[in-house]
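Overview (structure and organization)
So you can see what is in the structure, the chains are spelled out below.
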Amino acid sequence: MENPLISIIVPCYNQAQYLDECLQSVLDQTYPNWECIIVNDGSPDNTEDVVKKWLANDSRYKYFYKENGGVSAARNFGIERAKGEWILPLDGDD
């Protein structure tokens, strides 16, 4: 496979203030064949509002909400939904 799909998994809990920068870094990559799975791990902040504008502008972003279960559970939740040949974990505040 020449350009395999890369699944970028971004678990988030109360990281809305960092999320724009994180998701912009994904968009700025030169490799085009990716999906970015954002998992809101029950955040009480405005994570969902931040993510909505990214969803509207690029269909490679995917969003899921789950009850809070911790970063490992959120990452695994995203991995289960990934369609890529490769998985890249990326924290929402990176």
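Quick look at the structure, then. (Residues numbered from 1 in each chain as written. Predicted model: local features only at pLDDT ≥ 70, side-chain atom pairs only at ≥ 80, totals over all residues. Heavy atoms only, no water.)

**So, the sheet that holds strand S4 (residues 86-89)**
In plain terms, the rule: Note on pairing: two strands pair once DSSP finds at least 2 bridges between them. Secondary structure follows DSSP: runs of H or I at least 4 residues long count as helices, runs of E at least 2 residues long count as strands, and numbering of each begins at the N terminus. Helix axes use the C-alpha atoms of the stretch in contact, all axes being lines fitted to C-alpha atoms, and the angles between their N-to-C directions lie in the range 0 to 180 degrees. It only takes one pair of heavy atoms within 4.5 Å for two residues to be counted as in contact.
With parallel pairing, the 4 strands of this open sheet are ordered in space as S3-S2-S1-S4. The open sheet has two edge strands, strand S3 (61-65) and S4, and neither has a second partner. Strand-to-strand twist of the sheet, defined as the mean angle between neighbouring strand axes without regard to direction, takes the value 20°. Two elements, strand S1 (residues 6-12) and S4, share 4 bridges in a ladder whose sense is parallel. Bridge assignment links Ile8 to a residue of S4, and that residue is Leu88. Sheet strands in contact with helix H1 (residues 16-27) are S1, strand S2 (34-40) and S3, and its direction is about 165° off that of S2.

**Details of the environment of Asn33**
What counts is decided by this rule: N or O atoms within 3.5 Å of each other form a polar contact, as long as, within protein, one can give a hydrogen and the other can take it, and as long as residues adjacent in sequence are counted only when both atoms are side-chain atoms.
Structurally, Asn33 can be placed in the loop between H1 and S2. When the C-alpha positions of Asn33 and Pro4 are compared, they lie 6.8 Å apart, and in sequence the two are 29 residues distant. Apart from residues no more than four positions distant in its own chain, Asn33 is found in contact with Asn3, Pro4, Leu5 and Ile6. Within polar-contact distance, the side chain of Asn33 engages the backbone oxygen of Asn3 at 2.5 Å.

**Considering the environment of Asp28**
Stated formally: Classification of residues uses two cut-offs on accessible area relative to the type maximum, computed with a 1.4 Å probe and protein chains only: under 20% is buried, over 50% is exposed, and between them is partly exposed.
Summarising the element assignment, Asp28 is placed in the loop between H1 and S2. Under the relative-accessibility criterion, Asp28 is labelled exposed at 52%. C-alpha separation for the pair Asp28 and Arg60, spaced 32 residues apart in sequence, amounts to 13 Å.

**So, the packing of H1 against helix H2 (residues 47-57)**
Rules: Oblique is the label for any angle not covered by the other classes, which are roughly parallel (under 35 degrees), roughly antiparallel (over 145) and roughly perpendicular (65 to 115). Left-handed describes a crossing whose near helix is turned anticlockwise from the far helix through less than a right angle; right-handed describes the clockwise counterpart. Any residue that is not Ala, Val, Leu, Ile, Met, Phe, Trp, Tyr, Cys, Pro, Asp, Glu, Lys or Arg is counted as polar, Gly included; the first ten are nonpolar and the last four charged.
Remark: H1 packs on H2, axes separated minimally by 9 Å, with the N-to-C direction vectors making an angle of 25°. Relative to H2, the element H1 is oriented roughly parallel. The handedness of the crossing between H1 and H2 comes out as right-handed. For the pair H1 and H2, the contacting residues are Ala16, Leu19, Asp20, Leu23, Gln24 and Leu27 in the first and Thr47, Val50, Val51, Lys53 and Trp54 in the second. The residue inventory of the contact of H1 with H2, partitioned by class, reads 7 nonpolar, 2 polar and 2 charged.

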